[in-house]
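Chain by chain, the residues:
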Amino acid sequence: MKLIFKVSWLVIIVLFIFSCNRNPLKINISGITGEIEIIRFEKELILLGNNPSKENIEILRDRYPEFTDIFTMHIIRIGALIEDETIDGIHTFLNDTMIQSGYRMVEEKFSDFSEVEKRLIHAFKHYQYYYPDKPLPEIYTCVSGFNESVFADENLIGISLDKYLGADNVYYHLLGFPRFKQRKMIPEMIPTDAMYVWAMGEFEIGSQATTLLDHIVHEGKLLYFLEAMMPGAHDTLITGFTAKQAEWCRKNESQMWTYLIEHELLYSTKQMDIVRYINDGPHTNGFPQESPARTGAWLGRQIIRKYMKRHPEVTLQQLMENKNYMEILAASAYLP
């Protein structure tokens, strides 16, 4: 009996340790049956030929009215298809040598789109798990002339595949994209960027967010949301940092937080301060060159992780709806 008693307690202890270390974001999505629809718009547009008729263009527009309008008006910026000038603009777009070259590169790079598609479907199955009553967006791929990367509207996500051809693509250098952008213009970043842009629209920061702290916590929520949608994804894909940059943040977490406090930056409402710690760039201005940009967002995720660990009763949905950023910080007891 004593042996059984000891073994039983050992099992309980092991289970307790396992439950404490278990990632709560790793959920069972085997019962989620809905899937997003991915439409290769660039293929259908190119199939019209270099000088498609107005009738054929309008047929394409009738098939995908919402996306086509966004694409022509806001992405390649030639106007609405109801205007004759837009038809001429599409002819010019399709005959542009850079567009044609970009399309050929997309065809080669994404001849097998299955891995990207699988990861997008996997991410949106997680989204459907947490938000079963929300409709899934349609996803459109396109060639935009190296303009937008990912863009979203109420019911759709657009992905410009010519912005994900690989960090060493010759056009990225010729077009003057900075190196910190080029290294993230890779196929592996498509699901991350798509989910981030979708989350930005679904969970807006709110007009009451005026301080750097508000933005830090909000961006932390978005990064935590990405972790929930893509559990198991490498941290460099969630943050966009290199492995060295992520390690720098881990080693200097306490110093970064202390710096913000000592320089009274957390409650700064200056746009310059918010941009410095939240926006993308080669590094964080004022921190060493080894630092990444968006260190504020990284600190925000640390706050959210601590908050969710201390409050396991809080659901992801409740977290994303909570716009009391100061309350989240206080309840997290964050002190690196």
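Quick look at the structure, then.

Observations concerning helix H13 (residues 243-251)
Then, number 1: Among all positions of H13, only Gln-245, Ala-246, Trp-248 and Cys-249 are buried. All buried residues of H13 lie within an arc of 155° about the axis, which places them on one face of the element. Of the residues in H13, the exposed ones pointing more than 90 degrees away from the buried face are Ala-243, Lys-244 and Lys-251.
Then, number 2: The elements touched by buried residues of H13 are helix H14 (253-262) and helix H16 (295-310).

A look at the nonpolar core
Then, number 1: The biggest cluster of nonpolar side chains holds 105 residues, and the ones touching the most others in it are Phe-225 and Leu-319.
Then, number 2: By residue number, the principal contributor to this core is helix H11 (residues 212-229), which donates eleven residues.
Then, number 3: The contacts of Leu-319, once residues within four sequence positions are left out, are Lys-221, Tyr-224, Ile-304, Tyr-307, Met-308, Val-314 and Ile-328.

Topic: the packing of H11 against helix H18 (residues 325-332)
Then, number 1: The N-to-C vectors of H11 and H18 enclose an angle of 75°; their axes lie 9 Å apart at closest approach. Classified by the interaxial angle, the pair formed by H11 and H18 is roughly perpendicular. Two secondary-structure elements touch here, H11 through Leu-213, Asp-214, Val-217, His-218 and Lys-221 and H18 through Tyr-325, Met-326, Ile-328 and Leu-329.
Then, number 2: Residues that form the contact of H11 with H18 fall into these classes: six nonpolar, one polar and two charged.

Focus: the environment of Gln-289
Then, number 1: Structurally, the position occupied by Gln-289 is in the loop between helix H15 (271-278) and H16.
Then, number 2: Along the chain, Gln-289 and Ala-331 lie 42 residues apart, while their C-alpha atoms are 33 Å from each other.

What about a negative patch on the surface?
Then, number 1: Residues Glu-37, Glu-66, Glu-138, Asp-153 and Glu-154 make up a contiguous surface patch of negative charge.
Then, number 2: Along the chain, the position of Glu-66 falls in helix H4 (residues 65-75).

Some thoughts on the packing of H13 against H14
How two helices sit against one another is set out by the angle between their axes and by the gap between those axes.
Then, number 1: The N-to-C vectors of H13 and H14 enclose an angle of 65°; their axes lie 4 Å apart at closest approach. The pairing of H13 with H14 is recorded here as roughly perpendicular in orientation. Together, Trp-248, Cys-249, Arg-250 and Lys-251 of H13 and Glu-253, Gln-255 and Met-256 of H14 make up the contact between the two elements.
Then, number 2: Taken together, the residues of the contact of H13 with H14 sort by class into three nonpolar, one polar and three charged.

Calculation criteria
- Residues numbered from 1 in each chain as written.
- Predicted model: local features only at pLDDT ≥ 70, side-chain atom pairs only at ≥ 80, totals over all residues.
- Heavy atoms only, no water.
- Buried < 20%, exposed > 50% of the residue type's maximum accessible area, 1.4 Å probe, protein only.
- Helix = DSSP H or I, 4+ residues; strand = E, 2+ residues; numbered from the N terminus.
- Arc of directions from axis to C-beta.
- Contact = heavy atoms within 4.5 Å.
- Core = buried A, V, L, I, M, F, W, Y, C linked by side-chain atoms within 4.5 Å.
- Axes fitted to C-alpha atoms, helices over the stretch in contact; angles between N-to-C directions.
- Parallel < 35°, antiparallel > 145°, perpendicular 65-115°, else oblique.
- Nonpolar A, V, L, I, M, F, W, Y, C, P; charged D, E, K, R; others polar.
- Patch = residues over 30% accessible without salt bridge, like charges linked within 9 Å, V, L, I, M, F, W, Y side chains within 5 Å.
- Areas by Shrake-Rupley, 256 points an atom, 1.4 Å probe, with all protein chains shown as cover.
- Salt bridge = Lys/Arg side-chain N within 4 Å of Asp/Glu carboxyl O.
- Lys, Arg positive; Asp, Glu negative; His and termini not counted.
- Charge placed at Lys NZ, Arg CZ, Asp CG, Glu CD.

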